[in-house]
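# Survey of secondary and tertiary structure
Here is what each chain is made of, one letter per residue.
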Amino acid sequence: MEKTDGNVSESGNEMTLDSVRDSLIRQEDSIVFSLIERAKFRFNSPTYQESNHYASIPGFSGSLIRFFVKESEFLQAKAGRYQNPEEHAFFPDELPPSSVPPHTFPLVLHPAAASINVNNKIWDFYFNKFLPLLTVPGDDGNYATTASSDLACLQAISRRIHYGNFVAEVKFRDAPHDYEPAIRAQDRDALMKLLTFEAVEEMVKKRVAKKAMTFGQEVSLNSTESKGEYKVDPPLVSRLYDEWIMPLTKLVEVEYLLRRLD
Ligand SMILES: C=C(O[C@@H]1C=C(C(=O)O)C=C[C@H]1O)C(=O)O
């Protein structure tokens with residue numbers, strides 16, 4: 001049977017640190033593939049110009065990427081995307097209600113998780129720091145496809161980072177007596193220390209680089225030799241995890257734990 005990626009289909013009791021980590025490992029595939037897609041295109045700066053952008057959109061002021069993400073989220077909200085506690089919108093204000101019958105996702109998380117959204121920080125590092133490293137400078141005119149592939153990257157990265165809520169919940173359930181004093185003292189540093197596993201982080205960095213090599217190689221029928229050229233730079237994918245994805249996942253974990261006893 002096909003293996004799925006959605007851990008919320010598990011009831012809260014079946015969820016373990018191992019099963020949550022398995023989901024994070026599967027989500028690495030989605031992230032690496034989305035990066036490969038975005039790296040096909042040039043940087044394409046007209047996609048991001050806040051004013052004087054190449055086409056002014058009637059009824060909208062702002063960049064093409066904002067327009068694309070807002071309108072996509074509007075549609076996806078109606079289709080029920082944000083009913084899933086794994087999903088967080090980049091522009092959550094003024095989203096329409098879902099138009100589809102509700103699905104009852106198992107109640108795993110403390111309700112405080114609903115108030116945690118670090119997408120502003122994701123938006124900032126992705127566009128201002130990461131994208132210039134991922135793409136070749138220049139302009140190939142594919143602005144709408146560029147925006148579409150940015151959205152795929154943003155959503156995959158956001159889902160992974162907010163999965164920190166589930167990681168924190170299982171860590172808390174495994175050792176409530178370790179976490180409770182730090183939560184009562186609202187001690188961020190102590191919580192950060194408790195939830196950090198450096199050896200796991202080292203493995204993650206190595207594995208995502210290996211995935212970038214594996215998924216990003218040219219596959220040809222005639223030769224099995226890789227020329228050492230990859231569609232996305234493997235050390236850059238490690239760096240994405242090291243500098244941004246893992247620190248923000250841990251920030252979500254801390255934010256969740258601080259509210260876990262409310
Ligand atoms: C996600 C976890 O929590 C922390 C964050 C990690 C990550 O973002 O990959 C890895 C190890 C931990 O330091 C975990 O323990 O698996």
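Preceding this section is the structure that the text describes.
As a starting point, this report considers the structure included with it. (Residues numbered from 1 in each chain as written. Predicted model: local features only at pLDDT ≥ 70, side-chain atom pairs only at ≥ 80, totals over all residues. Heavy atoms only, no water.)

### Notes on unusual backbone geometry
Excluding glycine, a negative phi dihedral is what most residues carry, and trans is how most peptide bonds are arranged. The backbone phi angle of asparagine 44 is positive, close to 60°, even though this residue is not glycine. Positionally, asparagine 44 belongs in the loop between helix 1 (17-39) and helix 2 (64-78). You can call asparagine 44 buried: its relative accessible area is 0%. At glutamate 94, a position not held by glycine, the phi torsion is positive, near 65°. Position of glutamate 94 relative to the elements: it lies in the loop between helix 2 and helix 3 (119-134). (Helix = DSSP H or I, 4+ residues; strand = E, 2+ residues; numbered from the N terminus. Buried < 20%, exposed > 50% of the residue type's maximum accessible area, 1.4 Å probe, protein only.)

### Side note on the side chain of glutamate 201
Note that glutamate 201 resides in helix 8 (residues 198-215). Given the relative accessible area of 17%, glutamate 201 is considered buried. Apart from the residues lying within four places of it in its own chain, the contact partners of glutamate 201 are Thr196, Met246 and Lys250. (Contact = heavy atoms within 4.5 Å.)

### Quick look at the site of the ligand
Around the ligand sit 15 residues in total, of which Arg21, Arg160, Lys171, Phe197 and Glu201 are the nearest. Within the side chain of lysine 171, an N or O atom sits 2.7 Å from an oxygen atom of the ligand. Summarising the interface, the protein chains cover 99% of the accessible area of the ligand, which totals 360 Å² for the free molecule. Secondary structure elements with two or more residues in the shell around the ligand: helix 1, helix 5 (164-174), helix 8 and helix 9 (234-259). A class-by-class count of the residues in the shell around the ligand yields seven nonpolar, two polar and six charged. (Near = heavy atom within 4 Å. Polar contact = N/O pair within 3.5 Å; in protein donor to acceptor, adjacent residues only side chain to side chain. Areas by Shrake-Rupley, 256 points an atom, 1.4 Å probe, with all protein chains shown as cover. Nonpolar A, V, L, I, M, F, W, Y, C, P; charged D, E, K, R; others polar.)

### Things to note about the packing of aromatic side chains
Scanning all chains against the criterion turns up 12 aromatic pairs. Ring plane angle 55° and centroid distance 6.0 Å describe the contact between phenylalanine 90 and tryptophan 123, whose orientation is recorded as tilted. With a gap of 33 residues between them, phenylalanine 90 in the loop between helix 2 and helix 3 and tryptophan 123 in helix 3 connect regions that are remote in the sequence. Members of the aromatic cluster, each reached through a chain of ring pairs, are Phe43, Tyr48, Phe90, Phe91, Trp123, Phe125, Tyr126, Phe127, Phe130 and Trp244. Against the face of phenylalanine 197 rests arginine 21, its NZ or CZ located 5.0 Å from the ring centre. When the ring centre of phenylalanine 91 is taken as origin, the NZ or CZ atom of lysine 70, which lies over that ring, is 5.0 Å away. (Phe/Tyr/Trp six-rings, centres within 6.5 Å; stacked < 30°, edge-to-face > 60°. Lys NZ or Arg CZ within 6 Å of the ring centre and 35° of its normal.)

### With respect to the environment of tyrosine 143
Considering the arrangement of structural elements, one finds tyrosine 143 in helix 4 (residues 143-162). By relative accessible area, tyrosine 143 is classed as buried at 13%.

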